[in-house]
Amino acid sequence: MTVAVDDRAREIVDEFALFPDWMSRYEYLIEMGDDIPPIDDEDKTDAHRIHGCQSKVWIRADYDEDRGVLMFRGDSNAKITRGLAALIIRVLNEQPPAVVQKADFDFLDEIGMREHLSSQRSNGLAAMIEQMKDRASQYA
Amino acid sequence: MPTTAPTPATFDVDRVRQDFPALRQEVYEDTPLVYLDNAATSQKPESVIDRLNRYYRSENSNVHRGVHRLSQNATDAYEEAREAVRSYINAAATEQVIFTGGTTESINLVANTYGQRLEAGDEIVITEMEHHANIVPWQMLRDTRGIRLKVVPISDDGVLDLDALNDALTDRTRLVSVVHISNALGTVNPVEDIVDLAHDRGIPVLVDGAQSVPHGPIDVQRIGADFYCFSGHKMCGPTGIGVLYGRREMLESLPPYQGGGDMIEEVTFEKTTYADLPHRLEAGTPNIADAIALGTAARYMEELDPEAVGTHEADLLAYATERVRSIDGLRVIGTAPNKASVLSMAFEDLHPYDVGTILDRLGIAVRTGHHCTQPLMQRLGLPGTLRASFAFYNTRDDADALVDALETATTMLR
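What this report covers is the structure whose coordinates are included nearby. (Residues numbered from 1 in each chain as written. Chains lettered and ligands numbered in written order. Predicted model: local features only at pLDDT ≥ 70, side-chain atom pairs only at ≥ 80, totals over all residues. Heavy atoms only, no water.)

1. Focus on the overall build of chain A
Across its full length, chain A carries six helices and two strands. Its helices and strands in sequence order give chain A the pattern α-α-β-β-α-α-α-α, from N to C terminus. The C-alpha radius of gyration computed for chain A amounts to 14 Å, which stays within 12% of the reference 14 Å derived for 140 residues, consistent with globular compactness. On the principal axes, the C-alpha backbone points of chain A span a range of 40 × 35 × 25 Å. Here chain A holds 140 residues, and 47% of them are scored as buried. In chain A, 61% of the contacts between residues at least 6 apart in sequence involve partners at least 24 apart. With an accessible surface of roughly 6,800 Å², chain A has 44% of that area assigned to carbon and sulfur atoms. Charge separation in chain A, taken as the distance between the mean sites of 17 positive and 28 negative side-chain charges, equals 3 Å. (Helix = DSSP H or I, 4+ residues; strand = E, 2+ residues; numbered from the N terminus. Rg over C-alpha atoms; globule rule 2.2 N^0.38 Å. Buried < 20%, exposed > 50% of the residue type's maximum accessible area, 1.4 Å probe, protein only. Contact = heavy atoms within 4.5 Å. Areas by Shrake-Rupley, 256 points an atom, 1.4 Å probe, with all protein chains shown as cover. Lys, Arg positive; Asp, Glu negative; His and termini not counted. Charge placed at Lys NZ, Arg CZ, Asp CG, Glu CD.)

Right, here's the structure in full:
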């Protein structure tokens, strides 16, 4: 199943490779935010909030017992953060908890988004990933 | 398109910029740095960097008790730095300049010493535009000693309500603690008037001067506050060093802050007598190197023509403010008549974080968020702002670069 994660990451890397500069890559990232599986407004609560971001970001994780996979939904009130959340969800969605737990995000380097993983960054990308893995550990 | 009219002042900003090596770099490929985060920290001139280097290379030793030559040299340099700072703020005597870790520690020092004399029901008056460093230490006193915290409101344009401040003063008020220049809005508060109001009723005043000292020398005697706090790193000095200035009688009345070496006169297991000011409030080995380099920074800043600096910074603020107003959906936050060179902005439909991220990619260093003033952001109903803050070494070209980047960012994000 990790192959699926890697495949999705590869797919994203290939898509980003079509863009020649950082500006168009950011524009694409922002567009990706529109495709995020949306979280219901009533789920935008502290329980699903990712803390440590300047903007507000929520990610909800549900375990589909029949398929044994995690389903993620999310949103943010900042477009770049929402794009990053969409990116991570696209990789991890409908994956088994054990796969989510082990997923790595080295591909962010290849698409020029590595800088967002730094703990200095206030978009909470690292916190998002940590919280998604934490939810996965509850079902692993 | 940007117009690059010459700055109407004699201030030679191009020459001054040569003093700051960090301003000459690219932060991304082919993307030179435009540093507009000066309210967070300033860049350092070569002389300050060299001074730190020289101290560690050839003078490093502990101060005040050494019999050897190196220690005497370090002590002289440390005390000369105190004199340089004294001169910069026009304190009456060097003993009134206490070195601390920064504004935050200076305020905490006052809260932990002056605060000891406060009783349940006593009141401290602050304002809606305070930095967390001038809120939280008093809240901690509220929790431990049962004092009350009163908050003076501001108007929508960021002006302090002096009538409300006057009304907030009662016979239980023990301190007015107010920011000189708001880090989030740029508002310059009339601290001399505030001191007069409070002193008329015998109430001491603490002024948070973190954002004032970066704009040139100040005169603590004219301001008349009982305490004046600031950080070195915002005025071209190193991080980790700051100052608590106090009126002499006030400082002399304070109990010791931390116990340890350097702050004592004589110690036996039965009894300790304390050293005189300023050492009584500087326990332990001080931050010698950074204090010495702060002295260099103070001298550097003092040598700039304050009037030319003021004119130059006012021009930058006026120019940048006028230019950013042309950007669709952008609102300037903080429009007090008397403002320092801080330009806070909010966007109708965009999160400041998004705009700041794009600006960063374009080489523009600004700050986004609540600027450690969460209650102020709540008061203004904003999630935060995007803040560009100008120093004397910034130029109209920097303002133009900011405006161009804001145009690019808002186009990309809409």
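Following the structure, the description resumes.
2. As for the packing of helix α2 (residues 46-59) of chain B against helix α3 (residues 69-89) of chain B
Residue and element names in this part refer to chain B. It is at 11 Å that the axes of α2 and α3 come closest, and there the two elements cross at 160°. Put simply, α2 runs roughly antiparallel to α3. Every pair of crossing elements has a handedness; the one defined by α2 and α3 is left-handed. Together, Arg51, Tyr55, Ser58 and Glu59 of α2 and Leu70, Ala74 and Ala77 of α3 make up the contact between the two elements. Looking at side-chain class alone, the contact of α2 with α3 contains four nonpolar, one polar and two charged residues. (Axes fitted to C-alpha atoms, helices over the stretch in contact; angles between N-to-C directions. Parallel < 35°, antiparallel > 145°, perpendicular 65-115°, else oblique. Left-handed = near helix turned anticlockwise from the far one by under 90°. Nonpolar A, V, L, I, M, F, W, Y, C, P; charged D, E, K, R; others polar.)

3. Regarding the packing of helix α3 (residues 79-92) of chain A against helix α6 (residues 125-137) of chain A
Residue and element names in this part refer to chain A. Relative orientation of the contacting elements α3 and α6 amounts to 30°, with a least axis distance of 10 Å. Note on packing geometry: the crossing formed by α3 with α6 is right-handed. The segment α3 lies against α6, with Thr81, Leu84, Ala85, Ile88, Ile89 and Leu92 engaging Leu125, Met128, Ile129 and Met132. The class makeup of the residues in the contact of α3 with α6 is nine nonpolar, one polar and no charged.

4. Looking at the packing of aromatic side chains
Residues and elements named next belong to chain B. On inspection of all chains with the given rule, the structure shows 14 aromatic pairs over all chains. Ring centres 6.5 Å apart and planes at 40° place the aromatic pair Tyr300 and Phe392 in the tilted group. Taken as a pair, Tyr300 in helix α10 (residues 288-303) and Phe392 in the loop between β17 (385-389) and α14 (396-413) lie far apart in primary sequence, 92 residues in all. With respect to class, Tyr300 is no different from Phe392; both count as buried. Taking the centre distance of 5.3 Å and the plane angle of 70° together, the rings of Phe392 and Tyr393 count as edge-to-face. Of the two residues, Phe392 and Tyr393, neither departs from the other in class, the shared state being buried. We note Arg361 situated over the ring of Tyr28; from NZ or CZ to the ring centre the distance is 4.0 Å. (Phe/Tyr/Trp six-rings, centres within 6.5 Å; stacked < 30°, edge-to-face > 60°. Lys NZ or Arg CZ within 6 Å of the ring centre and 35° of its normal.)

5. A few points about the interface of chain B and chain A
Size of an interface, as often reported, equals the accessible area lost when the parts are brought together. The partner chain A presents 17 residues to the 16 residues of chain B that form the contact. Summed over both sides, the interface between chain B and chain A buries roughly 1,500 Å², with carbon and sulfur atoms accounting for 61% of that surface. By the criterion of area lost to chain A, the three top residues of chain B are Tyr353, Arg361 and Met412 of chain B, representing 43% of everything that side buries. At the junction of chain B with chain A, the criterion picks out zero salt bridges. Our enumeration of links across chain B and chain A arrives at four residue pairs in polar contact (both at pLDDT 80 or more). Put simply, the parts of the chain that give the side of chain B that touches chain A at least two residues each are α12 (352-361), β16 (367-369) and α14 of chain B. Among the elements that make up the side of chain B that touches chain A, the one with the highest residue count is α12 of chain B (six residues). Residue composition of the side of chain B that touches chain A, by class: seven nonpolar, five polar and four charged. (Buried area = accessible area lost by both parts, 1.4 Å probe. Salt bridge = Lys/Arg side-chain N within 4 Å of Asp/Glu carboxyl O. Polar contact = N/O pair within 3.5 Å; in protein donor to acceptor, adjacent residues only side chain to side chain.)

Interpretation in functional terms is not warranted from these geometric data alone.
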